[in-house]
Every structure is written in structure tokens, then in C-alpha cells.
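This is what each chain is made of:
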Amino acid sequence: MPELVLPSKVTICEVAPRDGFQAETNWIPTEEKIRIIRALADTGVQSMEITSFVHPKAIPQLKDAEEVVRGTEDLTNLKFRALVPNVKGAERAINAGITKLKLMLSATDSHSLSNANSLVEKVQNGFEPIIEMATKSNVTVGGSISVAFGCPYEGKVSLERIIDIVDRYKGMGIEEVSLADTTGMANPIQVYHFLGKLKAEFPNTVFSMHLHNTRGMALANAFAALQQGVTLFDSSIAGLGGCPYAPGASGNIATEDLVHAFEEMGISTGMDLDRLVSTAKEVKRSIGHDGGSYMLQAGPCSALSPEPKAQEKIDI
Ligand code: ZN
């Protein structure tokens with residue numbers, strides 16, 4: 001067996017303020033959003049998806065995007081990015097002072113129709129003016145592909161489909177592409193296979209992973225991506241994020257779980273696990289629930305239990 005070669009450090013992007021909050025039906029007051037972002041900033045996280053500049057009617061929870069950005073603009077050691085669905089959103093994000101935009105695109109036409117009310121190719125072609133506008137303002141743009149491994153309407157997504165989309169992104173000058181397993185349908189072999197081929201096909205493109213733990217495969221998928229040299233991962237504090245197709249299902253992979261797993265393997269995240277766990281507890285209290293966090297249930301491996309007294313031991 002060849003020796004396992006893995007990256008020695010990774011960068012996590014905290015996505016709860018966008019992916020987590022948007023899944024909440026109860027309004028989270030702007031001050032509370034800002035308070036949570038500030039607590040997250042103290043965990044050592046280096047980048048954060050702070051909000052999405054979508055139409056307020058599409059996602060009312062994020063209608064305060066500008067105010068949230070304004071309320072956190074002193075956190076200059078953090079790289080903030082925002083999701084933008086269209087030119088109007090990009091304009092708002094740039095005016096608010098966001099320096100990195102993430103474009104929203106689905107892998108399949110049926111998901112694209114339900115999410116963006118338009119076919120994939122049409123949505124992607126609409127990105128040209130956004131990129132132009134961003135370039136003029138010195139703003140970086142990254143691409144994303146939702147349901148990149150599996151679609152709740154169409155099932156498995158083919159690698160060829162993803163190659164096509166990445167190719168079009170590349171043609172637009174996009175150098176970073178986020179592969180999102182939006183509904184937790186990816187498996188580790190598939191992730192390993194896709195990334196191997198994508199890396200070979202697009203050696204100058206940086207791929208990042210956005211994993212949901214809907215079916216318990218997110219950590220295994222993260223490990224598969226790690227084996228392909230991926231060092232950029234999204235995650236969400238307390239696992240917030242949910243799945244619109246399965247209410248109550250696990251959400252994004254929890255930041256504290258991902259950081260714990262990486263640090264246990266000796267892969268540096270630059271983050272403070274104790275602070276993450278206490279922030280996750282606070283967020284759970286504030287929002288009223290978590291999205292499936294192992295750390296909140298079992299705590300880290302390092303938190304040993306006291307040994308039982310001899311007479312209490314049960315022989316098995
Ligand atoms: Zn997501």
C-alpha cells in the first residue's frame with residue numbers, strides 16, 4: 001500500500017451566517033447575527049461567507065445583508081465573501097464593501113429551475129457582467145456548483161456535466177470553484193474520483209468542498225477530498241444549514257466536527273476547538289437547535305471520562 005500523503009494544513013470557511021441562517025424560518029435579529037459572527041471571528045477562522053445578496057423576497061432572513069456587513073466591517077483579519085445570484089446582488093455586495101463574491105449555480109437543470117428559475121447554461125452566461133463589474137472594482141469572484149454530486153430531482157450527476165461547467169467557469173476567468181454536496185448525496189469514492197479527474201483536467205483551478213451531512217457521509221467525503229489535496233473546506237457552526245427537502249435532517253458539516261477530525265489527524269486548521277464548541281453551544285441556545293453536531297453530543301476525544309471504580313466495571 002502506498003503511504004498516505006495528506007496536506008498538513010487546511011483553511012475553513014465558516015458558512016453559518018449564510019447557509020445556516022437562510023435555513024431558519026424564525027427571524028434572527030440583525031444584532032444577534034452580528035453577535036454570532038463576532039463570536040465566530042474569535043475562533044481563529046480566517047474566512048467566512050457572511051451573507052447572500054439575494055432578493056429580500058426570495059430569502060427574507062438575509063434581507064439585512066448590508067446591515068450585517070456594516071456591523072462587522074471592523075473584523076479586518078477575516079476574509080469575508082458573499083453569495084450573489086445575479087447582477088443586482090453583485091452590485092449590492094460590491095457597494096457594501098464585499099471583496100469576494102461567490103456565484104450560485106446548480107449542476108442540473110431541474111435544480112436550477114427550482115432554485116434560480118432558469119436553466120444552468122442561461123444562469124452561467126448571466127455571470128459575465130458580474131465578473132466584469134467585479135474586475136473593475138478589484139473584487140475576486142469564485143464559482144460554485146450546487147448538487148455537484150447528486151441532485152434530489154435527477155439523481156447522480158455525471159462527471160462530464162461538472163467538467164463542462166468548470167470549463168465554462170474557466171473560460172470566464174474563474175480560478176476557484178466550490179463543489180457543493182447540497183443535499184448530502186455524495187460518497188467518498190465519487191468525491192475522490194471527481195476530484196482526481198477535475199485536477200487533471202484543470203490543473204490551475206482551485207477546488208473547494210462544501211459538504212452537507214444529510215446522510216452522515218460528510219466527514220468521509222472531506223477525507224476523500226483531502227486525499228486529493230483539497231485544502232479549502234466550508235463548514236457551519238453547530239451544523240446549521242438544514243436540508244430544504246428533508247426538514248429536521250442534518251445540515252452542513254459542523255465546523256467543530258470538521259476541525260476536531262482534522263486536528264485529531266494532525267492537520268492544522270489554525271482554529272481553537274474549545275472556543276468553537278462553546279460558540280456552537282451559544283449558537284444552539286440562540287437559534288433554538290443545532291443541525292447535528294457530534295461535538296455538542298459527545299465532546300472531543302481529548303475530553304476523557306474519569307475511570308470507573310473497579311466494582312463498577314462491567315465485564316464483557
Ligand atoms: Zn450548503
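As the structure is a computational prediction, the values presented were derived from the model and not from experiment.

### Concerning the sheet that holds strand S3 (residues 79-84)
Strand pairing within a sheet occurs via backbone hydrogen bonds; the two strands may be parallel or antiparallel.
Okay, so step 1: Reading around the barrel, the eight strands line up as S1-S2-S3-S4-S5-S8-S9-S10 and close back on themselves, with parallel pairing between neighbours. Neighbouring strand axes in the sheet, compared pairwise and without regard to direction, differ in orientation by 30° on average.
Okay, so step 2: Alignment of strand S9 (residues 206-211) against strand S10 (residues 232-235), held across two bridges, turns out to be parallel. The residue bridging Met209 from the neighbouring strand is Phe233, located in S10.
Okay, so step 3: Sitting on the sheet, helix H8 (residues 159-171) is in contact with strand S4 (100-103), strand S5 (140-145), strand S8 (176-181) and S9, with an inclination near 170° to S5.

### Side note on helix H10 (residues 218-227)
Okay, so step 1: All buried positions along H10 are accounted for by Ala218, Asn221, Ala222, Ala224, Ala225 and Leu226.
Okay, so step 2: Summarising the contacts, the buried residues of H10 are in contact with S8, helix H9 (188-201), S9, S10 and helix H11 (255-264).
Okay, so step 3: Remark: Gly229 follows H10 within two positions and exhibits a positive phi of approximately 85°.

### Description of the environment of Thr72
Okay, so step 1: With respect to the helices, strands and loops of the structure, Thr72 is situated in the loop between helix H3 (65-70) and S3.
Okay, so step 2: Setting aside chain neighbours within four positions, we find Thr72 in contact with Ile34, Ile37, Arg38, Ile50 and Phe80.

### A look at the pattern of salt bridges
Two side chains carrying opposite charge are able to pair once their charged atoms lie near each other.
Okay, so step 1: Counted under the stated rule, the structure contains 13 salt bridges.
Okay, so step 2: For Arg18, the salt bridge is made with Asp19, and the minimal N-O distance between the two is 3.5 Å.
Okay, so step 3: Owing to a relative accessible area of 7%, Arg18 belongs among the buried residues under this scheme.
Okay, so step 4: What emerges from the salt-bridge pattern is a single network uniting Arg18, Asp19, Glu49, Arg81, Lys102 and Asp234.

### Details of H9
Okay, so step 1: The terminal C-alpha atoms of H9 lie 20 Å apart, and with 14 residues this matches the ideal 20 Å at 1.5 Å per residue to within 8%.
Okay, so step 2: Looking only at H9, the buried set comprises Gln190, Val191, Phe194, Leu195 and Leu198. Along H9, the residues classed as buried sweep out an arc of 120° about the axis, all on the same side. Opposite the buried face of H9, at more than 90 degrees from it, the exposed residues are Ile189 and Ala200.

### Here we look at the environment of Leu4
Okay, so step 1: Summarising the element assignment, Leu4 is placed in the segment before strand S1 (11-14).
Okay, so step 2: Counting along the chain gives 150 residues from Leu4 to Glu154, while the straight-line C-alpha distance between them is 35 Å.
Okay, so step 3: Not counting the four nearest positions on each side in its chain, Leu4 is found in contact with Phe223 and Gln227.

Cut-off values and rules
- Residues numbered from 1 in each chain as written.
- Predicted model: local features only at pLDDT ≥ 70, side-chain atom pairs only at ≥ 80, totals over all residues.
- Heavy atoms only, no water.
- Pairing = 2+ DSSP bridges.
- Helix = DSSP H or I, 4+ residues; strand = E, 2+ residues; numbered from the N terminus.
- Axes fitted to C-alpha atoms, helices over the stretch in contact; angles between N-to-C directions.
- Contact = heavy atoms within 4.5 Å.
- Buried < 20%, exposed > 50% of the residue type's maximum accessible area, 1.4 Å probe, protein only.
- Salt bridge = Lys/Arg side-chain N within 4 Å of Asp/Glu carboxyl O.
- Expected span 1.5 Å × (residues − 1).
- Arc of directions from axis to C-beta.

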